[in-house]
Amino acid sequence: MLKRSLFLAIASIVVLYITSLSIYAQTTEQLKQYIYKLASDEMQGRPVGGNADQMAARYIIEQLKKSGLKPMAYNGFQSFNLVASVQAGPGNTLSIGGHSLEYGSEYSVYAFSASTGLEAEVVYAGFGIVMQNDTLARNDYDNLDVKGKWVVVLRGDPMPERNDSPFIPFSDARTKAMLARDRGAAGLIITSGKRNNAQDELAPLIFDRSVSDVGIPVIDLKRSAADRYLLPEGFPGDSLEAKAIKGKSSSIRIGHTIAAITQLEKKTVTTQNVVAALYAPKASDEWLVIGAHYDHLGMGGPGSGSRMPDTPAVHYGADDNASGVAGLLWLAKKLNAQRGKLKRNVVFVAFSAEELGLVGSRYFVRNLPFPKEKVVAMVNLDMIGRLNEKQSVMAGGTGTSSVWEPMLNRLAEGTGLSLAFSPEGFGASDHASFYAEGIPVLFFTTGAHSDYHTPNDTPDKINYTGMQQVLGLIGTVSLELAQSADRPDFREAGPRERVASRRGFRVTFGIMPGFADTGGNGLNVDGVTKGGPADQAGMKKGDRITGINGLPVKDIYDYMNRLKTIKPGERVNVDLIRNNEPMILVVEL
């Protein structure tokens, strides 16, 4: 009898083990199926707008419906429009001294150029750089009157061979255009020498994701065309560049008048968030949001965000972020199986246009299908497919609620995972849009890798076993949030110290800048870091910055360029609009 009982016990254990292995294998196979579909050639890298975008969205909603979820919005699609690119219009013309030049072969227009016409005389201003720090100063506009005129400047900076050149923050074309505009220039023409442009190539028309222009026409002129039609004899582009690199000003008189019409056409596309709800029969009217973005970089290329911009190829985005969407679909199925035990409804959202600046999540959180105060938390999955040998998982947003870190430490016990906490609520993924609205957030990722934003981020490189391990933790966290009667408190979480930004700025306001189009009428403040310079000065979420130290701020690019010129410890006057009323704040940096 004892032997029979022992045999039955062992047999039961074996059956349970075999069953668990079967379920484990099924889960791994399901994740593979999701990722290989989303990161396939037919999805073309899931660029925003177009057939591939719609194909991915349809696939996601069908999988959510199969898991028993109910589509929200319009059949599961929350559509919105955005400007995705710009192209040259048919009306571009350029005439120098009566010579008409050909667009595309002799000159081009920058994507941030104003669409306008201008006929004026010309002034040369070296590299067009104005900067000053503790050890270096340069002002290429010193003693120049450029008001109402075209300004001709050289491409690049005086240290073209140095990757650590202190001039780099002031060497891009948009910054040069802003500096020219600030000094009253009516237009800017950029040409080059061999050191900064060996092949004499025109700048590509790259949309920098800002729908506002710099307010003046900005033209790129080939060196060969500049030498032939614009620059006086004895002062070719190479010679001017050599002298400018040595810091020698060349006071040259350009006798020509330049007449130009610049015309750019913005291409608007329609895309959509995918939204489906898990309605629990015993749920309150509160909601848990689980999200992941499904868009990626398409075929890559200049301006796409690709780390291999010269390699036009499908950017599969298996980890970024087919892995997050696969995790979303897996969680939908698992939580729906527990719907009878849930005390809150759960909405699953696959966001579009994350790669273009969190556009989809910002649209969703401002057009919620239920009251914002009913959202208890947001869980974001972005790149969860590359668990490394150290079993490291980063949990972001852990400072946005007092309950996060104790809960994660408790639930991670026995999982074999090593959690790294990042308390900030702001970050380069969709949870930031929710944190800006005062919602507690959690963000899970296994981190970046060498294939990030390249065509090499393919499904075969996903660690499916590790991904299932990560999802086990995220699923436990999500289930506890959906089952709990207690609501996580919200706390502001962000850097308290005044640190330099990752782009090399020496100061920071401590705000979350908005990417929404203001028509060139300022920069929206989507969030303010508690304890930061802006917070201490009284800046609030919802303000719109229109100027710094008397100089205009039309958009996020103007804002970033203003920061380049400010030193730590300075006090700056910030013009802003609050509730349609202008006001000025003094921000101490």
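Calculation criteria
- Residues numbered from 1 in each chain as written.
- Predicted model: local features only at pLDDT ≥ 70, side-chain atom pairs only at ≥ 80, totals over all residues.
- Heavy atoms only, no water.
- Buried < 20%, exposed > 50% of the residue type's maximum accessible area, 1.4 Å probe, protein only.
- Helix = DSSP H or I, 4+ residues; strand = E, 2+ residues; numbered from the N terminus.
- Pairing = 2+ DSSP bridges.
- Right-handed = clockwise from strand over helix to strand, strands pointing away.
- Contact = heavy atoms within 4.5 Å.
- Polar contact = N/O pair within 3.5 Å; in protein donor to acceptor, adjacent residues only side chain to side chain.
- Salt bridge = Lys/Arg side-chain N within 4 Å of Asp/Glu carboxyl O.
- pLDDT = per-residue confidence, 0-100.
- Core = buried A, V, L, I, M, F, W, Y, C linked by side-chain atoms within 4.5 Å.
- Axes fitted to C-alpha atoms, helices over the stretch in contact; angles between N-to-C directions.
- Parallel < 35°, antiparallel > 145°, perpendicular 65-115°, else oblique.
- Nonpolar A, V, L, I, M, F, W, Y, C, P; charged D, E, K, R; others polar.

Colleague: Help me understand the pairing of strand β10 (residues 187-191), please; the structure alone is not making it clear to me.
Modeller: Within a regular beta strand, the side chains point alternately toward one face of the sheet and then the other, so they alternate between its two faces. β10 sits mainly inside the fold: five of its five residues count as buried. Residues G187, I189 and T191 point to one face of β10 and L188 and I190 to the other, with burial holding for every one of them. Of the strand pairs in this sheet, strand β9 (residues 150-154) and β10 are connected by five bridges, and their pairing is parallel. Paired with L154 across the bridge in β10 is T191. Crossover handedness for the path β9 to helix α3 (residues 173-182) to β10: right-handed. Here β10 pairs with strand β11 (residues 218-221) via three bridges, running parallel.

Colleague: I would appreciate a short explanation of the side chain of S171 in the present structure.
Modeller: Among the secondary structure elements, S171 is positioned in the loop between β9 and α3. Once residues within four sequence positions are removed from consideration, S171 is found in contact with G156, D157 and K176.

Colleague: I would appreciate a short explanation of helix α12 (residues 556-564) in the present structure.
Modeller: Spacing of three or four residues puts side chains on the same side of an α-helix, whose turn is 3.6 residues. In terms of burial, α12 is largely enclosed, as nine of its nine residues are buried. Those residues of α12 not exposed but buried are I556, Y557, D558, Y559, M560, N561, R562, L563 and K564. Here the buried face of α12 lies against α3, β20 (511-513), β21 (523-528), β22 (544-548) and β23 (551-552). One side-chain oxygen of the residue at the start of α12 lies 3.1 Å from the amide nitrogen of Y557, identifying that residue as D555.

Colleague: Please clarify how the pattern of salt bridges should be interpreted in this entry.
Modeller: Pairing is possible between side chains of opposite charge, provided their charged atoms come close. Summed over all chains, the structure comprises 23 salt bridges. Among the ionic pairs, R195 bridges to E161, the shortest N-O distance being 2.9 Å. Here E161 lies in the loop between β9 and α3 and R195 lies in the loop between β10 and β11, a separation of 34 residues in the sequence. When the shortest N-O distance is used, the salt bridge between D558 and R181 registers 3.1 Å. Of this pair, D558 sits in helix α12 while R181 is found in helix α3, placing the two residues 377 residues apart along the sequence. The class of D558 is buried, set by a relative accessible area of 1%. With relative accessibility at 14%, the residue R181 sits in the buried group.

Colleague: Sorry if this is basic, but what is going on with the confidence of the model for the chain here?
Modeller: The predicted coordinates should not be examined in detail at positions where pLDDT is low. Within the chain, residue pLDDT values average 89, and 92% of them lie at 70 or more. Taken together, the stretch residues 6-24 has pLDDT below 50 and engages in two contacts with residues farther than four places along the chain or on a different chain.

Colleague: I tried to follow the nonpolar core on my own but got confused; where do I start?
Modeller: Burial of nonpolar side chains together is a common tendency in soluble globular proteins. Ranked by size, the top nonpolar core spans 61 residues in total, and within it L64, I290 and F348 carry the most contacts. At 10 residues, the largest contribution of residues to this core is made by helix α6 (residues 318-336). For I290, the residues in contact, after removing those within four places along its chain, are L328, L331, L335, V346, V347, F348, V349, V379, L381 and S478. Residues A120, F167, I254 and A260 belong to the second largest nonpolar core, which totals 30 residues.

Colleague: I would appreciate a short explanation of the packing of α3 against α12 in the present structure.
Modeller: Contact pair α3 / α12: the axes reach a minimum separation of 10 Å and the direction vectors enclose 80 degrees. Overall, the two elements α3 and α12 adopt an arrangement that is roughly perpendicular. Taken together, the residues of α12 that come into contact with α3 (itself represented by R174, T175, M178, R181 and D182) are Y557, D558, N561, R562 and K564. Each residue belonging to the contact of α3 with α12 can be placed in one class, and the counts come to two nonpolar, two polar and six charged.

Colleague: Just to check I follow, could you spell out the sheet that holds strand β5 (residues 107-109) for this structure?
Modeller: Strand pairing in a sheet relies on backbone hydrogen bonds, with the paired strands running either antiparallel or parallel. What the eight strands build is an open sheet, ordered β4-β3-β12-β6-β9-β10-β11-β5; its pairing is mixed. Every interior strand has two partners, whereas the edge strands, β4 (99-100) and β5, have only one. Examined bridge by bridge, β5 and β11 share three bridges and lie antiparallel to one another. By the bridge assignment, Y107 is partnered in β11 with L221. Here helix α4 (residues 223-230) sits on the sheet and contacts β3 (93-96), β4, β9, β10, β11 and β12 (257-262); the angle it forms with β11, its principal contact strand, is near 95 degrees. Strands β6 (116-124) and β9 of the sheet are contacted by helix α5 (residues 237-245), whose axis makes an angle of about 75 degrees with β9.

Colleague: Would you take a moment to explain unusual backbone geometry for this structure?
Modeller: Of all residues except glycine, most have a negative phi; of all peptide bonds, most are trans. For the bond from D320 to N321, the omega torsion is 5 degrees, close enough to zero to count as cis. Mapped onto the elements, N321 comes out in helix α6. At Q44, a position not held by glycine, the phi torsion is positive, near 55 degrees. Position of Q44 among the secondary structure elements: in the loop between α1 (2-38) and α2 (51-66). Among the residues examined, Q44 registers a relative accessible area of 41% and is labelled partly exposed.

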